[in-house]
Amino acid sequence: MRILLFIFALLWLSGCAYQAQQAPVGSWQAQKTTLAQLQQWQLSARLGIITPDERGSLSLFWRQNSDDYRMNLTNVVGKRVFDLSRRQGLVVLTDSEGRQHQATDARELVFRLTGWDLPVEQLSYWIKGLPGEADQVEYDADGRPETIVAHGWRLRYLGYTRIDGLWLPSRLDLSHDTTTLRLAINQWELK
């Protein structure tokens with residue numbers, strides 16, 4: 001009986017030791033943990049927006065600092081379309097005329113003022129290639145997200161680039177109902 005208890009204890013301890021091991025460097029699980037902890041980053045990109053009423057190409061600058069962010073969209077001649085920022089739970093959109101509009105829901109605020117359906121809060125994760133807990137995900141041959149379906153959106157990751165040891169998206173398409181967003185990221189900065 002002691003021998004059986006001893007063997008059972010060894011198996012239980014070895015099982016615990018296996019669960020405590022970290023994922024191999026470069027694996028998706030290791031990267032997923034690092035991406036979830038990545039709280040400060042910025043990027044510049046080209047953003048294409050296609051709706052039934054319009055088609056446009058914009059420059060996007062995004063700086064994320066924990067839950068707070070600043071997103072700046074300009075048109076092809078460099079004129080501000082809008083600045084969107086979140087600080088301590090309050091979302092402020094500054095329009096092209098310099099007027100400020102406030103809300104607690106960024107997606108609703110952008111839609112109300114522009115007619116564009118932008119999933120701002122989810123995009124701060126998706127843009128890093130990090131799916132949410134309940135998102136439906138398909139992975140590519142290298143174990144990175146290839147498609148994500150969530151909140152009525154379908155994302156397709158069309159390219160990745162390696163920055164500071166992480167594979168980060170360089171191109172992605174998002175579609176929801178009649179809105180399509182095409183994002184081509186020019187530059188990532190991680191802090």
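**Student:** Please provide a residue-by-residue account of the overall build of the protein, values included.
**Tutor:** In terms of helices and strands, the protein carries four helices and 11 strands. Of all 191 residues assigned to the protein, the portion counted as buried reaches 40%. Long-range pairs, those at least 24 residues apart, make up 38% of the contacts in the protein between residues at least 6 apart in sequence. Taken as a whole, the protein presents about 11,500 Å² of accessible surface, with 51% of it coming from carbon and sulfur.

**Student:** Lay out the side chain of Asp-173 in plain terms, naming residues and giving numbers.
**Tutor:** With respect to the helices and strands, the residue Asp-173 is situated in strand S10 (residues 166-176). Discounting residues that sit within four places of it in the chain, Asp-173 has contacts with Arg-154, Leu-155, Arg-156, Leu-158, Leu-181 and Arg-182.

**Student:** With reference to specific residues and values, describe the pattern of salt bridges.
**Tutor:** Under the defined criterion, the tally for this structure stands at 10 salt bridges. As a salt-bridge pair, Asp-68 and Arg-86 come within 3.8 Å of each other at their nearest N and O atoms. Residue Asp-68 is located in strand S3 (residues 68-74), and its partner Arg-86 is located in strand S4 (residues 80-87); the two are separated by 18 residues in the primary sequence. Across the salt bridge formed by Arg-144 and Asp-142, the nearest N and O atoms sit 3.2 Å from each other.

**Student:** Could you give an account of the sheet that holds strand S6 (residues 100-103), with specific residues and numbers?
**Tutor:** The strand order across the open sheet built from 11 strands is S6-S5-S4-S3-S2-S1-S11-S10-S9-S8-S7, with neighbouring strands paired in antiparallel fashion. The open sheet terminates on both sides in strands that have one partner only, identified here as S6 and strand S7 (136-139). Neighbour-to-neighbour, the strand axes of the sheet open up by a mean angle of 20°, direction not taken into account. As defined by bridge partners, strand S8 (residues 145-150) adjoins strand S9 (residues 153-163) across four bridges and the pair is classed as antiparallel. By the bridge assignment for S9, Thr-147 is matched with Arg-156. Lying on the sheet, helix H2 (residues 28-37) is in contact with S7, S8 and S10; it crosses S10 at an angle near 80°.

**Student:** Before we move on, can you summarise the nonpolar core with the specific residues and values?
**Tutor:** Looking at soluble globular proteins, one finds that nonpolar side chains tend to be buried together. One finds Leu-43, Trp-62, Phe-82, Leu-84, Trp-126 and Trp-188 to be the most contacted residues of the largest nonpolar core, which totals 45 residues. With residues near it in sequence (within four places) discarded, Leu-43 still touches Leu-60, Phe-61, Trp-62, Ile-127, Ile-185, Gln-187 and Trp-188.

**Student:** Lay out the side chain of Asp-95 with the relevant residues and their values.
**Tutor:** Here Asp-95 is to be found in strand S5 (residues 90-95). Ignoring sequence-local partners within four residues, the contact set of Asp-95 consists of Arg-80, Val-81, Phe-82 and His-101.

**Student:** Quick rundown of the layout of surface pockets? Include the residues and the values.
**Tutor:** In this approach the atoms are scanned with a rolling probe the size of a water molecule, which exposes any empty space left behind. One number sums up the size of the largest pocket: a volume of about 200 Å³. Around the largest pocket, the lining is made up of 13 residues, and of these Gln-64, Ser-66, Asp-67, Ser-124 and Tyr-125 lie nearest the centre. Broken down by element, the lining of the largest pocket gets its largest block of residues, three residues, from helix H4 (residues 120-126). Partitioned by chemical class, the residues of the lining of the largest pocket number five nonpolar, four polar and four charged.

**Student:** Talk me through unusual backbone geometry; I want residue IDs and the actual numbers.
**Tutor:** A positive phi angle, near 60°, is found at Ser-66, a position not held by glycine. Position of Ser-66 among the secondary structure elements: in the loop between strand S2 (55-65) and S3. In this structure, Asp-164 is a non-glycine residue whose phi angle is positive, near 50°. Taking the relative accessible area as the measure of exposure, Asp-164 reaches 65% and is therefore exposed.

**Student:** How would you sum up empty space enclosed by the protein? Please name residues and give values.
**Tutor:** Under the criterion given, the structure shown has one cavity of 30 Å³ or more. The computed volume of the largest cavity comes to approximately 80 Å³. Contributing to the lining of the largest cavity are Leu-47, Leu-60, Trp-62, Met-71, Leu-118, Leu-123, Leu-174, Leu-181 and Leu-183. Those elements giving two or more residues to the lining of the largest cavity turn out to be S2 and strand S11 (179-190). When the residues that make up the lining of the largest cavity are grouped by side-chain class, the tally is nine nonpolar, no polar and no charged.

What counts and what doesn't
- Residues numbered from 1 in each chain as written.
- Predicted model: local features only at pLDDT ≥ 70, side-chain atom pairs only at ≥ 80, totals over all residues.
- Heavy atoms only, no water.
- Helix = DSSP H or I, 4+ residues; strand = E, 2+ residues; numbered from the N terminus.
- Buried < 20%, exposed > 50% of the residue type's maximum accessible area, 1.4 Å probe, protein only.
- Contact = heavy atoms within 4.5 Å.
- Areas by Shrake-Rupley, 256 points an atom, 1.4 Å probe, with all protein chains shown as cover.
- Salt bridge = Lys/Arg side-chain N within 4 Å of Asp/Glu carboxyl O.
- Pairing = 2+ DSSP bridges.
- Axes fitted to C-alpha atoms, helices over the stretch in contact; angles between N-to-C directions.
- Core = buried A, V, L, I, M, F, W, Y, C linked by side-chain atoms within 4.5 Å.
- 1 Å grid on protein atoms, 1.4 Å probe; cavity = no way out; pocket = protein on both sides within 12 Å on 5 of 7 lines; lining within 4 Å.
- Points joined across faces, edges and corners; volume = space filled by probe spheres on them.
- Nonpolar A, V, L, I, M, F, W, Y, C, P; charged D, E, K, R; others polar.

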